[in-house]
Amino acid sequence: MAHDFINGMPTGVGKPFWLLAELTYRCPLQCSYCSNPLDLKNTGPELTTDEWIRVFEQGRKMGAAQLGFSGGEPLLRQDLEILIREARRMGYYTNLITSGLGMDGRRVADFHAAGLDHIQVSFQASSEELNNRLAGSHKAFAQKLAMAKEVKAQGYPMVLNFVIHRDNIGEIDKIIELSIELQADFVELAIAQYYGWAFINREHLLPTREQLQKAEAITNEYRARLNGNGPKLIFVTPDYYEERPKACMNGWGNIFLTVAPDGTALPCHSARELPIDFPNVRDHSLEDIWYRSTGFNHFRGYEWMKEPCRSCDEKQKDFGGCRCQAFKLTGDANNADPVCGKSEHHHKIVQARTEADQLAVGGDAATPLLARNVHNQEAALAIIARSR
Amino acid sequence: MVSPEQIPAVSRVYRLQWEESQQSFVLLYPEGMVQLNGSAGEIMAQVDGVKSVADVIAALEAKFPEAGDLSADILEFLEIARDKHWITIS
Ligand code: SF4
Ligand code: SF4
């Protein structure tokens, strides 16, 4: 959850405060909103235990304080406990971001002993039937419930993450109820963002403006009712209904550094989709990568900008928005994020909203819904090729 | 109100730590961080779930004798910290 990771931080520090370790792309689930790259097969071998530990050491020396273990499903790494222990020893605040599949009470306890600070469990929905259909697994929900209870029982702060989209937005009240019941500390109600698999499935995911407003109103009602007790509800709105883009990652190469399973270092977890070469931690030190690589320097500052951003007085606020979104929707990563009303490509966003309205009243989707798995990879890549 | 015999503790959700690279105490929590200024960091560093508020005040006054009576400032900070859920007070 990237909601307020700079809370209290001076901006413009330019240290990789947040290190995200994507330990593997392997995953037992097949979420259609997954932001992993479409090309799940053709990446290099995963980093070894020692290689990860070296990355953590280098990051910590550079000022990284938060370390996220994610994926894919990080529990599939048998060395996860070792990685947690080493990272915690270095002084990181360690976050495990998991679907809960592959966990049991024993492992939760082992992680605790290793010093794990926090576990975020993702859910697809609040009901068994819908959750399992969205996750593409018939036993996911029961397992997730059991694990959430275990996480709580063992004294971890618990964040529940729900990716919200058209198929589950109508049950947001039940989702919040479930979170209260499970005694979550934080609940992220994150409207899907359209990267990776979520982008090719966007038609099936993007809610309508009306659905969105209703969901936000319900969330606000619960906030008022909870009145500071119970979970803190974090509603993450999708930029598709905005007229100005988000300040993506708080600026390119500013506080956030992702390392992909094969060691590719990225300024955000979607950057792999850009036509830019990114360095690998196997070949370079993190310091070289962060301060001196062309990949990380590519969109720092304002020199790279085109109009309308270049002469825009809001560029310090949003840095022109998301580079990946600009590239995916306009074909040029130097363009303004088309979410911006000043972008000449803004009609693409408006069109997506119109499509959402049409589908909500029973229209047909132009593309099939594709579960995130290697079998669908070819079909997914073909959709991308057509969209350019 | 916070009273002298009460015992403050850092909330379960937060972890207090000295950050060398920032030369300050920080509160770390799920995917976030609060950087504390000098005096806030000194007070939080005394909060251990054992010492009472009166003990915390005494410890800090002993550590900074030139600062004089610190009780009002410390009480005020502890109330803010409690409202922000950084600490619990029992
Ligand atoms: S979003 Fe779903 S499929 Fe993708 S990594 Fe997470 S759990 Fe696995
Ligand atoms: S034109 Fe560019 S800099 Fe200006 S608001 Fe739009 S995206 Fe931001």
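Look up a bit, the structure's there.
All of these numbers come straight from a predicted model, not from anything done at the bench.

1. Here we look at the overall build of chain A
Step number 1: A count of helical and extended segments in chain A gives 15 helices and nine strands.
Step number 2: Against the 2.2 N^0.38 benchmark of 21 Å for 388 residues, chain A shows a C-alpha radius of gyration of 20 Å, consistent with a compact globule.
Step number 3: Each principal axis of the C-alpha atoms in chain A carries an extent, and together these give about 55 × 50 × 45 Å.
Step number 4: Buried residues in chain A amount to 48% of all 388 residues.
Step number 5: Partitioning the contacts of chain A with sequence separation of at least 6, the portion at a separation of at least 24 is 73%.

2. Some details on the site of ligand 1
Step number 1: Every residue lining ligand 1 is accounted for by Cys27, Leu29, Gln30, Cys31, Cys34, Asn36, Gly71, Gly72, Glu73, Ser99 and Arg372 of chain A.
Step number 2: For the shell around ligand 1, the residue count by class is four nonpolar, five polar and two charged.

3. Here we look at the site of ligand 2
Step number 1: Residues in contact with ligand 2 amount to 14 residues; listed here are only the nearest, Cys309, Cys312, Glu314, Lys315 and Cys340 of chain A.
Step number 2: Among the residues forming the shell around ligand 2, the class breakdown is six nonpolar, two polar and six charged.

4. Some points on the sheet that holds strand β3 (residues 93-98) of chain A
Strand pairs in the sheet, formed through backbone hydrogen bonds, run parallel or antiparallel to each other.
All names here are of chain A.
Step number 1: Here we have nine strands laid out as an open sheet, ordered β7-β6-β5-β4-β3-β2-β1-β8-β9, and mixed in their pairing. Whereas interior strands pair on both sides, the edge strands pair on one side only; in this sheet they are β7 (232-236) and β9 (265-266).
Step number 2: Bridging between β3 and strand β4 (residues 118-123) involves four bridges; their strand directions are parallel. Counterpart to Ile97 in the pairing with β4 is Gln120.

5. Observations regarding the sheet that holds strand β3 (residues 24-29) of chain B
All names here are of chain B.
Step number 1: The strand order β2-β3-β4 describes an open sheet built from three strands, whose pairing is antiparallel. Across the chains shown, the open sheet's two edge strands, defined by having one partner strand only, are β2 (15-19) and β4 (32-35). Direction aside, neighbouring strands of the sheet carry axes that sit 30° apart on average.
Step number 2: Here five bridges tie β2 to β3, and the two strands are oriented antiparallel to one another. Paired with Arg15 across the strands is Leu28, a residue of β3.
Step number 3: In this fold helix α1 (residues 38-46) packs onto β2 and β3, with an angle of close to 65° to the strand it touches most, β3.

Calculation notes
Residues numbered from 1 in each chain as written. Chains lettered and ligands numbered in written order. Predicted model: local features only at pLDDT ≥ 70, side-chain atom pairs only at ≥ 80, totals over all residues. Helix = DSSP H or I, 4+ residues; strand = E, 2+ residues; numbered from the N terminus. Rg over C-alpha atoms; globule rule 2.2 N^0.38 Å. Buried ≥ 20, exposed ≤ 12 C-beta atoms within 10 Å, placed from the backbone. Contact = placed C-beta atoms within 7 Å. Near = placed C-beta within 6 Å. Nonpolar A, V, L, I, M, F, W, Y, C, P; charged D, E, K, R; others polar. Pairing = 2+ DSSP bridges. Axes fitted to C-alpha atoms, helices over the stretch in contact; angles between N-to-C directions.

Such coordinate-based values are descriptive only and should not be taken to indicate function.
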